[in-house]
Amino acid sequence: MKNILIPLFFLTTLFANSQTIYTIPWATQQPKFVFPIFIEEGGGHKDTLYIGYDPNVSYISFDTTSQNYGVIPIHVDTNLFYAMWNAGGVYCGANTLCSNVYKANVCSLSPWGTFPSNASIFCNNGIMPLKFSWDNSVFYSDSLPFPNNFPAPRGWGRVIATFPFCGTRENYVTIPNNGFYIVDDSLGDVSDSITVFSLNSQTQYTNSGVFEFRIEAWNSPTHISIISSEDYFSISSLENSISILCLKGEIIATVYDLLGDKIFSKQIRSSESFTLPYLKPNLYLLIVNNQHIRKTIKIMSHEN
């Protein structure tokens, strides 16, 4: 038995030590887990954003509890290419130049088992193609809040790329768009990068769309269904969460219980995605409206 256990222990230790441990450079305190996303636009200019996990902060992105972990506004030169997290309440969208933006997004695990809660990325002052890449060995980190699946990783990524008149590829191989992509080195749609490219010969700018990246447990169910799709918004259901994407203009999403009491309301701007927060088990009404449309949808929250 010893002849078997010793080499297996050596290989496991060697593999664990091969993982690169990343940090958020300006953070005064490092999160338990850090996942950088490296971004390069067609002119060769680059930027980096960070996803972080730590159990001591809120699961809500950009909450004040995550400030020590580098979730603070960073000054950027708006004349150059830069990437940024869409920081919700302090809106600074794809078509708005902002001199102070969020480069880090650190959360605890959300009630629906993913992080970060606000996963939308905008890229300004660049041209297509737009490449997003990462180190997928970090999905094996024992700092992730997911079960140990060795030799499989603990986690994987779930990506949504919403760019009009664009396709997606990895290493110049086109990837079919089924609504989302799974990022994984074995079972996924892509391994270590996604490139968004223009489908026509015209110059297309990087601020035409939004890129979303969430991390969840490896081999999580991949079923996604479209609840409703309109000219102004799209609502999709993914396991225990419901996501609302504003396609143009602005919309207001409001949730009521069956007594007519308002549970919460959220204004969502163009290209912004919002995931409904945890709701106690019950039947609710979701109303999405603006000056042009009004849509009422029944949603059921239940225990797993």
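The structure this text deals with has already been given above.
Residues numbered from 1 in each chain as written. Predicted model: local features only at pLDDT ≥ 70, side-chain atom pairs only at ≥ 80, totals over all residues. Heavy atoms only, no water.

A. Geometry of the overall build of the protein. Helix and strand content of the protein: one helix and 23 strands. Counting all 304 residues of the protein, 50% fall into the buried class. With an accessible surface of roughly 15200 Å², the protein has 53% of that area assigned to carbon and sulfur atoms. (Helix = DSSP H or I, 4+ residues; strand = E, 2+ residues; numbered from the N terminus. Buried < 20%, exposed > 50% of the residue type's maximum accessible area, 1.4 Å probe, protein only. Areas by Shrake-Rupley, 256 points an atom, 1.4 Å probe, with all protein chains shown as cover.)

B. Main features of the pairing of strand β19 (residues 250-257). Relative to strand β20 (residues 262-269), β19 is paired through seven bridges, and the arrangement is antiparallel. Along β20, the bridge assignment pairs Ile252 with Gln267. Where β19 folds back on β20, the antiparallel hairpin that results is connected by four residues, among which Gly260 adopts a positive phi of roughly 90 degrees. As judged from the six bridges shared by β19 and strand β22 (residues 282-289), these two strands associate in the antiparallel manner. Note on β22: the bridge partner recorded for Ile252 is Asn289. (Pairing = 2+ DSSP bridges.)

C. Representation of the pattern of salt bridges. Enumeration according to the criterion identifies four salt bridges in this entry. A salt bridge links Glu212 to Arg214; the shortest N-O distance between them is 3.3 Å. Close ionic contact of Arg269 with Glu250 constitutes a salt bridge, the shortest N to O distance being 3.0 Å. Remark: Glu250 occurs in strand β19 and Arg269 occurs in strand β20; sequence separation between them is 19 residues. By relative accessible area, which is 29% here, Arg269 ends up partly exposed. Residue class for Glu250 comes out partly exposed when judged on its relative accessible area of 35%. (Salt bridge = Lys/Arg side-chain N within 4 Å of Asp/Glu carboxyl O.)

D. Representation of the pairing of strand β10 (residues 155-162) within the structure. Among the eight residues of β10, six are classified as buried, and the element is accordingly described as predominantly covered. By the bridge criterion, eight bridges tie β10 to strand β15 (residues 210-217) in an arrangement that is antiparallel. From the neighbouring strand, Thr162 faces β15, where its bridge partner is Val210.

E. Up close: the side chain of Ser193. Structurally, Ser193 is set in strand β14 (residues 193-198). Given a relative accessible area of 3%, Ser193 falls into the buried group. Discounting residues that sit within four places of it in the chain, Ser193 has contacts with Lys131, Phe132, Ser133, Trp134 and Glu170. (Contact = heavy atoms within 4.5 Å.)

F. Local environment of the nonpolar core. By size, the foremost hydrophobic cluster in this structure holds 48 residues, and its most contacted members are Phe35, Ile39, Phe132, Phe213 and Ile215. No other element matches strand β1 (residues 33-40), which puts five residues into this core. Not counting the four nearest positions on each side in its chain, Phe132 is found in contact with Ile37, Phe38, Ile39, Ile121, Cys123, Asp192, Ser193, Ile194, Val196 and Phe211. Listed in part, the 19 residues of the second largest apolar core include Tyr232, Phe264, Ile268 and Leu276. (Core = buried A, V, L, I, M, F, W, Y, C linked by side-chain atoms within 4.5 Å.)

G. Examining the side chain of Thr206 more closely. Within the secondary structure, Thr206 is located in the loop between β14 and β15. A relative accessible area of 0% places Thr206 in the buried class. From its side chain, Thr206 meets the backbone oxygen of Cys123 in a polar contact 2.9 Å long. (Polar contact = N/O pair within 3.5 Å; in protein donor to acceptor, adjacent residues only side chain to side chain.)

H. Geometry of the sheet that holds β14. If you walk across this open sheet you meet the seven strands as β6-β2-β1-β9-β14-β11-β12, and the pairing is mixed. The sheet is open, and its two edges are formed by β6 (104-107) and β12 (173-174), each paired on a single side. Examined bridge by bridge, β1 and strand β2 (residues 46-53) share eight bridges and lie antiparallel to one another. Residue pairing for β2: Ile37 is matched across the bridge by Leu49.

I. Expanded view of the sheet that holds β20. Read across the sheet, four strands follow the order β20-β19-β22-β23 without closing on themselves; strand pairing throughout is antiparallel. Bordering the open sheet on either side are β20 and β23 (294-301), each of which pairs with just one other strand. This sheet shows a mean twist of 20 degrees between the axes of neighbouring strands, independent of strand direction. (Axes fitted to C-alpha atoms, helices over the stretch in contact; angles between N-to-C directions.)

J. Geometry of the environment of Ala27. You can see Ala27 is positioned in the loop between α1 (2-17) and β1. Between the alpha carbons of Ala27 and Gln67 there is a distance of 8.2 Å; along the sequence they are 40 residues apart.

K. View of unusual backbone geometry. Between Phe115 and the following residue, Pro116, the backbone shows a cis peptide bond with an omega angle of -5 degrees. Among the secondary structure elements, Pro116 is positioned in the loop between β7 (114-115) and β8 (120-124). Here the residue pair Phe150 and Pro151 is connected by a cis peptide bond, since its omega of 15 degrees sits within 30 degrees of zero. Here Pro151 is to be found in the loop between β9 (130-133) and β10. For Tyr172, which is not a glycine, the phi torsion comes out positive at approximately 70 degrees. Residue position: Tyr172 is located in the loop between β11 (166-170) and β12. Take Tyr172: its relative accessible area is 71%, and that puts it in the exposed class.

Purely geometric numbers; function is a separate question.
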